[in-house]
Structures are given as structure tokens and as C-alpha cells.
Amino acid sequence: MYLSLLCSIFIALAYVQEGLAVQCYQCSSAEDAKGDDNCGAYKKFNKDRHIAVECTSDESVTPGTFCMKITQQGPRGFIWDGRWRQVIRRCASVAETGVTGVCNWGVMENGVYWEECYCSGDGCNAGSFLTFSPLLVTSSILIAISKLLTL
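Residues numbered from 1 in each chain as written. Predicted model: local features only at pLDDT ≥ 70, side-chain atom pairs only at ≥ 80, totals over all residues. Heavy atoms only, no water.

Per UniProt, the comment on the protein under Subcellular location (unreviewed entry) is "Membrane". (UniProt positions renumbered as here; feature names shortened; annotations may be inferred.)

Here you go:
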């Protein structure tokens, strides 16, 4: 019982600390100068050209407690065929699914493909895939161990 209580307190404190201190990259390919790809719409996102900002600070364009990456792509054939792509990386406070660590996607009525990915680790919106939070893995293992010990 004490181990379970200790695990619960650890998880609660870790989530509060992570929620207050999450840092995300913020950029939008719509704001890039012509010919530039600073936000990773067509090339790999370069983390060295950007600094992740704390989502609760004044530097954050959109305050929040987790990170978000939005990708939109035009409906035409291939990229070299004139199809456009837009990427937005930023902090967020509300996920449409209510959870982080997932991606949602679909196609709008006008044929534009969209994808929204939500994550809660520092700088996790830098890549093309979500990264796992070490805190989430550790807390899952601790919960599993405490459940086994109470059997």
C-alpha cells in the first residue's frame, strides 16, 4: 500500500513539473521567406536553427501545457507537381482528442490532407514522429510493479 501511495505521489509531482515546464518549437512555414524552409515543410526540421520556448512564458505565441505539430498538404499529385505543404509547430492547451502522444489525420472537403500530432515532452514536436516521454514509461513501469506487489 505504501509503495502504491509513493508511486502515485511521484507520478503526480512529475506530471505537475512536466506540465509547467514543457518546451516546444514554434514556427510556421507560412511565415518563411520565399524559397526558405525553416519549419520543415519539405526538408528535415533543423533543431539547431530554432530554440524551444517554454509554453508558459511570454515568448510562446500560443500558451499551453503540451506541444503540437500541424501538417497540411495540397490535393494535387506530387510535391514536384505543384502540391504545397504547410507545417506549424507550437505550444497548445487543448487537444481535440483530449490526450497527448497521438496523431489525428484526415482530408478536408477541398481535398487538403491534414495531420495534427500532440505530445508532452520537451522539444517533442521537432521530428516527423512523436517521441516517447521517459516520465510516462517510468510511471507505467512503477504502476505495473505496484499492482504486482499488491496481488
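Account for the state of the cysteines, naming residues and giving values.
If you walk through the whole model with that rule in mind, you get five disulfides. Here Cys 55 is linked by a disulfide to Cys 91, with a sulfur-sulfur distance of 2.0 Å. Between Cys 55 and Cys 91 the disulfide shows an S-S torsion of about -80°. By sign, it is left-handed. One end of the pair, Cys 55, is in the loop between strand S3 (53-54) and strand S4 (66-73); the other, Cys 91, is in strand S5 (residues 85-92), and 36 residues separate them in sequence. Here the two residues Cys 55 and Cys 91 agree in accessibility, since each one is buried. Covalent S-S linkage joins Cys 103 and Cys 117, the inter-sulfur distance amounting to 2.0 Å. (Disulfide = S-S within 2.5 Å. Helix = DSSP H or I, 4+ residues; strand = E, 2+ residues; numbered from the N terminus. Buried < 20%, exposed > 50% of the residue type's maximum accessible area, 1.4 Å probe, protein only.)

If you had to explain the packing of aromatic side chains to someone new, which residues and values would you point to?
Applying the stated criterion across every chain, the model contains three aromatic pairs. Taking the centre distance of 6.3 Å and the plane angle of 35° together, the rings of Trp 105 and Tyr 113 count as tilted. Across the ring face of Phe 45, the terminal group of Arg 89 is positioned such that the distance to the ring centre comes to 4.0 Å. (Phe/Tyr/Trp six-rings, centres within 6.5 Å; stacked < 30°, edge-to-face > 60°. Lys NZ or Arg CZ within 6 Å of the ring centre and 35° of its normal.)

Describe in detail the sheet that holds strand S7 (residues 113-119), supporting the description with residues and values.
One open sheet holds the five strands; their spatial order is S2-S5-S4-S7-S6, and the pairing between them is antiparallel. The sheet is open, and its two borders are formed by strand S2 (27-28) and strand S6 (102-107), each paired with just one other strand. Sheet analysis places S6 next to S7, joined by six bridges and oriented antiparallel. When the sheet's bridge partners are listed, Gly 106 is paired in S7 with Trp 114. (Pairing = 2+ DSSP bridges.)

Residues and numbers for the side chain of Ser 28, please.
Structurally, the position occupied by Ser 28 is in strand S2. Overall, the relative accessible area of 12% leaves Ser 28 in the buried class. Discounting residues that sit within four places of it in the chain, Ser 28 has contacts with Cys 39, Gln 86, Val 87 and Ile 88. (Contact = heavy atoms within 4.5 Å.)

Explain the environment of Arg 83 residue by residue, including any values.
Note on placement: Arg 83 falls in the loop between S4 and S5. Sequence spacing of Arg 83 and Gln 73 is ten residues, and the spatial spacing of their C-alpha atoms is 7.1 Å.

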